[in-house]
Protein chains: 2
Amino acid sequence: MIQILRLGHRIPRDERITTHCALVSRAFGVEELYYTGKKDSGFENSIKRVTDNFGGNLSINYIKNPETLVKTKSKQGFFIIHLTMYGENFEKKLKSIKTKKKILIIIGGEKVEPFYYENSDLNISIGNQPHSEVAALGILLYKISKLKNNFKNAKVKIAPSKKGKDIKKYQ
Amino acid sequence: MIQILRLGHRIPRDERITTHCALVSRAFGVEELYYTGKKDSGFENSIKRVTDNFGGNLSINYIKNPETLVKTKSKQGFFIIHLTMYGENFEKKLKSIKTKKKILIIIGGEKVEPFYYENSDLNISIGNQPHSEVAALGILLYKISKLKNNFKNAKVKIAPSKKGKDIKKYQ
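Residues numbered from 1 in each chain as written. Chains lettered and ligands numbered in written order. Predicted model: local features only at pLDDT ≥ 70, side-chain atom pairs only at ≥ 80, totals over all residues. Heavy atoms only, no water.

So, on to the pattern of salt bridges. Pairs can form between side chains of opposite charge whenever their charged atoms are close. Under the definition given, this model contains 18 salt bridges over all chains. The salt bridge involving Asp 14 of chain A is made with Arg 16 of chain B; its shortest N-O contact spans 2.5 Å. Of the two residues, Asp 14 of chain A is situated in the loop between strand E1 (2-9) and helix H1 (15-27) and Arg 16 of chain B in helix H1 (residues 15-27); the pairing between them involves two chains. Residue Asp 14 of chain A shares its accessibility class with Arg 16 of chain B, and that shared class is buried. Between Arg 6 of chain B and Asp 14 of chain B there is a salt bridge, with its nearest N and O atoms 3.9 Å apart. With relative accessibility at 0%, the residue Arg 6 of chain B sits in the buried group. Asp 14 of chain B gets classed as buried once you look at its relative accessible area, which sits at 1%. (Salt bridge = Lys/Arg side-chain N within 4 Å of Asp/Glu carboxyl O. Helix = DSSP H or I, 4+ residues; strand = E, 2+ residues; numbered from the N terminus. Buried < 20%, exposed > 50% of the residue type's maximum accessible area, 1.4 Å probe, protein only.)

Right, dumping it as structure tokens:
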């Protein structure tokens, strides 16, 4: 089970970046994404529209105290991974990450408090270069999870197509 | 050699998404990113600030006629890949993609004209689900390219670190 914590969401600056983090999480079957910063019903509704149409159970939870969440998840046996351009090479850690049954991935915002570096089991980077947290999350999930092609309750499904669009509607 | 074409950039809506596409491209050593839509000096300057500090040669080129660019690149022997949620499973195509010396990856915008579906050598998807073009680009580049850790002319370098930040300044 993989869950996501997105820190320091800002409006309007992070609206689409956080939305993209949620989309990539859903595509890999994540069912819980927590976020902190500003509560954003526009973001929450846009993900709800996607799950209403394309199915799945991604639940978006706004939280006020992310440090408490990290401590609680840690006590519940979650392995805490902080994705940061300052961290260790992720490829060297994949083998160990894959043995974990419950994982919380933290994605930073503008400024990440020392708490997260200190209270994560791993601080890892997808290349120690300025990067996109969306791409970094996508690459990590690609390595430790699986793309889902079938979601429960989908009203719309896309079939792979050489050219053009093959859209199937079920309702 | 891998180059990127980002279609239909909008201001302010796509500012950060296109910036993230450029950051992930740079992290994988891409040196040419073309974009179309609205010219955006804020986006161009933010990437210039990154390359000024962290090095590398990613060049951002605004173009007015992307269809002409695709035709020209095709004539120059580029293999044209269109990333789209409607496309074929990318994993089945990786072996063939890796044999290509010159690749142009097209990332769509709000609405992608049929031209791009028809004039690409491949339309591929990273999962046929609503996705992030940033994450999709990151995953594709991860599979067909290599993360770069050293860039020419870097004034700032980040060393991998278990906790906290290890920043080295060279100027």
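So much for the structure itself; the text now carries on.
The next subject is the sheet that holds strand E4 (residues 79-89) of chain B. All names here are of chain B. Strand order across the open sheet formed by six strands is E3-E2-E1-E5-E4-E6, with parallel pairing between neighbours. Both outer strands of the open sheet, strand E3 (59-62) and strand E6 (122-125), are each paired with one neighbouring strand and no more. Averaged over all pairs of adjacent strands, the angle between strand axes in this sheet comes to 30 degrees, irrespective of strand direction. In this structure, strand E1 (residues 2-9) lies alongside strand E2 (residues 32-37), joined through five bridges in parallel fashion. When the bridges of E2 are listed, Arg 6 appears paired with Tyr 35. Lying on the sheet, H1 is in contact with E1, E2, E3 and strand E5 (103-107); it crosses E1 at an angle near 180 degrees. Set on the sheet, helix H3 (residues 66-75) makes contact with E1, E2, E4 and E5; between it and E1 the angle comes to about 165 degrees. (Pairing = 2+ DSSP bridges. Axes fitted to C-alpha atoms, helices over the stretch in contact; angles between N-to-C directions. Contact = heavy atoms within 4.5 Å.)

Glancing now at the relation of the copies chain B and chain A. Mapping chain B onto chain A leaves a residual RMSD of 0.0 Å; the transformation is a rotation of 180 degrees accompanied by 0.0 Å of translation along its axis. Expressed as a symmetry operation, the mapping of one chain copy onto the other fits a two-fold axis. Closest to the rotation axis within chain B is the C-alpha of Ala 135 of chain B, separated from it by 2.0 Å. Of all interface residues in chain B, 100% are interface residues in chain A too; the two copies therefore contact each other through one and the same surface. (Least-squares fit on C-alpha atoms with pLDDT ≥ 70 in both.)

Next up on the list: the environment of Met 85 of chain A. In this fold, Met 85 of chain A is placed in strand E4 (residues 79-89). Linking Met 85 of chain A and His 131 of chain A, residues 46 residues apart in sequence, is a C-alpha distance of 7.1 Å. Among residues more than four places away in sequence, those in contact with Met 85 of chain A are Ser 125, Gly 127, Asn 128, Gln 129 and Pro 130 of chain A together with Phe 54 and Ile 158 of chain B.

Counted under the stated rule, the structure contains eight aromatic pairs over all chains. Here the aromatic rings of Tyr 35 of chain A and Phe 43 of chain A are separated by 5.1 Å at their centres, their planes lie at 85 degrees, and the arrangement is edge-to-face. Tyr 35 of chain A sits in the buried class, given a relative accessible area of 0%. A centroid spacing of 5.0 Å and a plane angle of 80 degrees characterise the contact between Phe 115 of chain B and Tyr 116 of chain B, whose relative ring orientation is edge-to-face. Neither Phe 115 of chain B nor Tyr 116 of chain B differs from the other in exposure class; each is buried. What links up through ring pairs into an aromatic cluster is the set Tyr 35, Phe 43 and Tyr 62 of chain A. The residue whose ring lies beneath Lys 157 of chain A is Tyr 170 of chain A, and the NZ or CZ to ring-centre distance is 5.4 Å. Between Lys 73 of chain B and the ring centre of Phe 78 of chain B, over which it is positioned, the NZ or CZ distance is 4.8 Å. (Phe/Tyr/Trp six-rings, centres within 6.5 Å; stacked < 30°, edge-to-face > 60°. Lys NZ or Arg CZ within 6 Å of the ring centre and 35° of its normal.)

To continue, consider the pairing of E1 of chain B. Residue and element names in this part refer to chain B. The buried count for E1 comes to seven of eight residues, which makes it a mostly enclosed element. For E1 and E5, the ladder comprises five bridges, and the chain directions are parallel. Residue pairing for E5: Ile 4 is matched across the bridge by Ile 105. As for the winding sense of the linkage, the β-α-β connection from E1 through H1 to E2 is right-handed. (Right-handed = clockwise from strand over helix to strand, strands pointing away.)

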